[in-house]
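Letter by letter, the chains look like this.
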Amino acid sequence: MTSAHAVQTQASRVPFYLSVLVAFHIALVIASNYLVQLPITLLGFHSTWGAFSFPFIFLATDLTVRLIGKTAARRVITRAMLPALLASYVVGVLFHEGHFNGWQALGEFNTFVFRIAFASFAAYVLGQLLDIQVFDRIRQQHRAWWLAPAAASVFGQALDTAAFFSIGFWHSSNAFMAAHWMEIAWVDYAIKLAVSLLLFVPAYGVALTAIVRAMGRPLAPQPV
């Protein structure tokens, strides 16, 4: 197979890769919206299980930017955001407070769950777009492979966390979350950042190498 034919073959698979990434993003947003309803206590601080699931999205986004560019990464966000909003609301109503409430629960509009779903929608869009911008800018200016995903995680997850908890739980009808949302937000951010820097940044390097070998295609342009 000639190199030109190989490039054409790989390019024809880009829509498939984007579809997989869109589905992955939607699934993680749904899972995180469910897990954020399940509180945990770590070292005396309140947080939620959602802090451990959402960093996966940033890993996927950074890999997308690195492999096929920020335009494709933005396309993933625009395709995933509205289905994620709808699916998050449906799943949130059906499994409100961590247990199955029956299909009849969908017959009545749940303002609390919709607020969480909309907060997740806003946080997802803002956080991911900032992550893409920071990652692409740092990647073009620095050769160190770990610096771009690390910086993108610091800024992207800060905006994501602030948007989600302020929109979703400020003056919330849930007394616990209304009283503790700021504490939970800080702990949630600290956990997500620790998980990202200690686990997902190294995972980014490993995954990047493995995907490039499997795809057999060049990366998005790297700085000279």
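The coordinates are above.
The notes below deal with the structure included here.

The rules behind each value
- Residues numbered from 1 in each chain as written.
- Predicted model: local features only at pLDDT ≥ 70, side-chain atom pairs only at ≥ 80, totals over all residues.
- Heavy atoms only, no water.
- Helix = DSSP H or I, 4+ residues; strand = E, 2+ residues; numbered from the N terminus.
- Buried < 20%, exposed > 50% of the residue type's maximum accessible area, 1.4 Å probe, protein only.
- Contact = heavy atoms within 4.5 Å.
- Areas by Shrake-Rupley, 256 points an atom, 1.4 Å probe, with all protein chains shown as cover.
- Axes fitted to C-alpha atoms, helices over the stretch in contact; angles between N-to-C directions.
- Parallel < 35°, antiparallel > 145°, perpendicular 65-115°, else oblique.
- Left-handed = near helix turned anticlockwise from the far one by under 90°.
- Expected span 1.5 Å × (residues − 1).

Brief notes about the overall build of the protein
Regarding its fold elements, the protein presents 7 helices and 2 strands. Counting helices and strands in the order they occur from the N terminus, the protein gives α-α-β-β-α-α-α-α-α. By residue count, 46% of the 224 residues in the protein fall in the buried class. Sequence-distant contacts, at least 24 apart, represent 75% of the contacts inside the protein between residues at least 6 apart. Accessible surface, the protein: about 11200 Å² in total, of which carbon and sulfur atoms supply 71%.

A closer look at the packing of helix 3 (residues 55-68) against helix 6 (residues 147-169)
Axis separation between helix 3 and helix 6 bottoms out at 11 Å; the angle between their running directions is 135°. In terms of orientation, helix 3 lies oblique with respect to helix 6. The handedness of the crossing between helix 3 and helix 6 is right-handed. For the pair formed by helix 3 and helix 6, the contact residues are Pro55, Phe58 and Asp62 on the first element and Pro149, Ala152, Gly156, Gln157 and Asp160 on the second.

Overview of helix 6
Look at helix 6: 33 Å from first C-alpha to last across 23 residues, which is about the 33 Å you get at 1.5 Å a residue. Within two residues after helix 6, His171 carries a phi angle of roughly 55°, on the positive side.

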